[in-house]
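Chain by chain, the residues:
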Amino acid sequence: MAPLSCRRVVWFALALALACGPKSPADTTDTTDSPGTTSGPGTTSDTTLSETTSTTSGNPSTAGSTAPNPTTANPTTTGDTGDSTGNTGGDFILVPDGGGGGCPRAAFSPCDPWAQDCAPDEKCAPTDGGCDVFTVTVCDDLPSQPVPIGGACKSQGRPLSGRNDCELGATCWFIDPETLIGTCVSLCHGSPETHDCSHVPGTACVLAHDNDPYVAPLCLPTCDPFEPTCPEGHHCHPSALTPELFACTPDASLGAAFEACGKTDCAAGLLCSEPEKAAVECAPDTNCCTPLCDTGAPDCPGAGQVCLPYYEMGQAPTGLEDVGRCGLQ
């Protein structure tokens, strides 16, 4: 048997080995906070990608403060329209109708074209919001050398961007899509209920494109439906706000005779009529396109239609006394 002193040495060595043996996984975890990996408040993991982006692209003093370059702007990007966030110059988020796809609605416009309620150094102008027709408005910077009504203007980026060098209360219209050169036309004065274009003789208040009075009420030239003089892309039609006046109205999806219609979406030589006395060929209880006619030489295509005077006796503007409409008596 080993001496007692030797046995004590052996037991001491065994106890030491057990005490210093391998630890369990839980015992080996490092509980020291590591920068960039913890999730507690104030650590680097709290700074997300979206937060980092917002501190650069959403700063009004940096992002969007540079005016769009019409020579390099891409019509499909928000940088071209200026319709992005973070700029007081009329930039805003365009929310599409229905929340996804499609064109933005007038409800999301930042300004009223009748009131011109943008900042003092801006003007409220209609814009297409990335579509091909006016759908909303935008606050645009006033140009340093504004072009008066009737003068030649230049649209930035695309024809209906809404950003141009026209004066306050005017916008660029009749635009050549290649050169982006057009003519400054006045927005209607007053309100949708008391609209006025008397400050521009020979014009009437026309609601361009979607018939929303809070998007693009324009003072456009009056015309004779039997002697059309409207520029390309327009036809002579009664104004939605001033039906007693015929004005050069933008072409849209134009309906043929006896097809259903809204207010101004009939082809040249036709007008949108109420169903009661329009034509038997029209769908019941539906407005439809019916022909205009000359009361001096009446000719109407619908069954039972006759040429009815468009104006009440003595109310016709000079030169339009013979304008009639085909309808049922």
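Keep in mind that what you see is a predicted model, and the values were worked out from it rather than measured. (Residues numbered from 1 in each chain as written. Predicted model: local features only at pLDDT ≥ 70, side-chain atom pairs only at ≥ 80, totals over all residues. Heavy atoms only, no water.)

1. Observations regarding the overall build of the protein chain
The secondary structure content of the protein chain amounts to 4 helices and 13 strands. When each of the 329 residues of the protein chain is scored for burial, the buried share is 37%. Across the protein chain, every contact between residues at least 6 apart in sequence was considered, and the portion connecting residues at least 24 apart equals 49%. Entry remark: accessible area of the protein chain is about 18,000 Å², with carbon and sulfur atoms responsible for 56%. (Helix = DSSP H or I, 4+ residues; strand = E, 2+ residues; numbered from the N terminus. Buried < 20%, exposed > 50% of the residue type's maximum accessible area, 1.4 Å probe, protein only. Contact = heavy atoms within 4.5 Å. Areas by Shrake-Rupley, 256 points an atom, 1.4 Å probe, with all protein chains shown as cover.)

2. Regarding the nonpolar core
Soluble globular proteins tend to bury their nonpolar side chains together. Counting residues in hydrophobic clusters, the biggest one holds 13 residues, and the most contacted among them are Phe134, Trp173, Val185, Ala208, Ala216, Leu218 and Leu220. When residues of this core are traced back to their parent elements, those giving at least two are strand E6 (203-207) and strand E7 (217-221). Counting residues in each nonpolar core, the second largest holds 11 residues, with Leu271, Tyr310, Tyr311 and Leu320 among its members. (Core = buried A, V, L, I, M, F, W, Y, C linked by side-chain atoms within 4.5 Å.)

3. What to know about the sheet that holds strand E12 (residues 306-309)
Strand order in the open sheet made by the 4 strands is E10-E11-E13-E12, with antiparallel pairing throughout. Across the chains shown, the open sheet's two edge strands, defined by having one partner strand only, are strand E10 (270-273) and E12. Between one strand axis and the next, the sheet turns by 50° as a mean value, whatever way the strands run. Where E12 lies against strand E13 (residues 323-327), 4 bridges are found, and the strand directions are antiparallel. Looking across to E13, one finds that Leu308 is bridged to Arg325. (Pairing = 2+ DSSP bridges. Axes fitted to C-alpha atoms, helices over the stretch in contact; angles between N-to-C directions.)

4. Thoughts on the packing of aromatic side chains
In the structure shown here, the tally under the stated rule is 4 aromatic pairs. Here Tyr310 and Tyr311 contribute two aromatic rings whose centre-to-centre distance is 4.9 Å and whose plane-to-plane angle is 80°, an arrangement assigned as edge-to-face. A residue is classified by how much of its surface remains accessible, and Tyr310, at 15% relative accessible area, is buried. The class of Tyr311 is buried, set by a relative accessible area of 11%. An aromatic cluster of at least three residues, connected via ring pairs, comprises Phe134, Trp173 and Phe174. (Phe/Tyr/Trp six-rings, centres within 6.5 Å; stacked < 30°, edge-to-face > 60°.)

5. Side note on the pattern of salt bridges
In total, this model carries 2 salt bridges according to the counting rule given. The salt bridge partner of Arg158 is Asp128, with a shortest N-O separation of 2.6 Å. Note that Arg158 is positioned in the loop between strand E3 (152-154) and strand E4 (170-173) and Asp128 in the loop between strand E1 (122-127) and strand E2 (136-141), a separation of 30 residues in sequence. The exposure classification of Arg158 matches that of Asp128, with both residues buried. (Salt bridge = Lys/Arg side-chain N within 4 Å of Asp/Glu carboxyl O.)

6. Quick notes on the state of the cysteines
Within the structure shown, the criterion is met by 13 disulfides. Across a sulfur-sulfur distance of 2.0 Å, Cys118 and Cys139 are joined as a disulfide pair. On the sign convention where negative means left-handed, the S-S torsion of about -85° between Cys118 and Cys139 marks this disulfide as left-handed. In this pair, Cys118 is assigned in the loop between helix H4 (78-81) and E1 and Cys139 in strand E2, connecting sequence segments 21 residues apart. The pair formed by Cys118 and Cys139 is uniform in burial state, with each residue classed as buried. Bridging Cys197 to Cys219, the disulfide has an S-S length of 2.0 Å. Residues Cys197 and Cys219 are joined through a disulfide that is left-handed, its torsion about the S-S bond being -90°. Of the two residues, Cys197 sits in the loop between strand E5 (181-186) and E6 while Cys219 sits in strand E7, which places them 22 residues apart along the sequence. Each member of the pair, Cys197 as well as Cys219, carries the same accessibility label: buried. (Disulfide = S-S within 2.5 Å.)

7. Examining the environment of Trp114
Take Trp114: it is sitting in the loop between H4 and E1. The class of Trp114 is buried, set by a relative accessible area of 12%. Through-space distance from the C-alpha of Trp114 to that of Tyr214 is 7.5 Å; in sequence the pair is 100 residues apart. Excluding residues that lie within four positions of it along the chain, Trp114 makes contacts with Cys188, His189, Gly190, Ser191, Pro192, His195, Cys205, Pro213, Tyr214, Pro217 and Leu241.

8. So, the confidence of the model for the protein chain
Do not read the fine detail of predicted coordinates wherever pLDDT is low. Across the protein chain, pLDDT averages 73, with 67% of residues at or above 70. Long-range and interchain partners of residues 1-101, a stretch whose pLDDT sits below 50, account for 93 contacts in this model, where long-range means more than four residues apart. (pLDDT = per-residue confidence, 0-100.)

9. A few points about the sheet that holds E3
Strand order in this open sheet of 3 strands is E3-E5-E4, and the pairing throughout is antiparallel. Two strands close off the open sheet at either side, each with one partner strand: E3 and E4. This sheet shows a mean twist of 50° between the axes of neighbouring strands, independent of strand direction.

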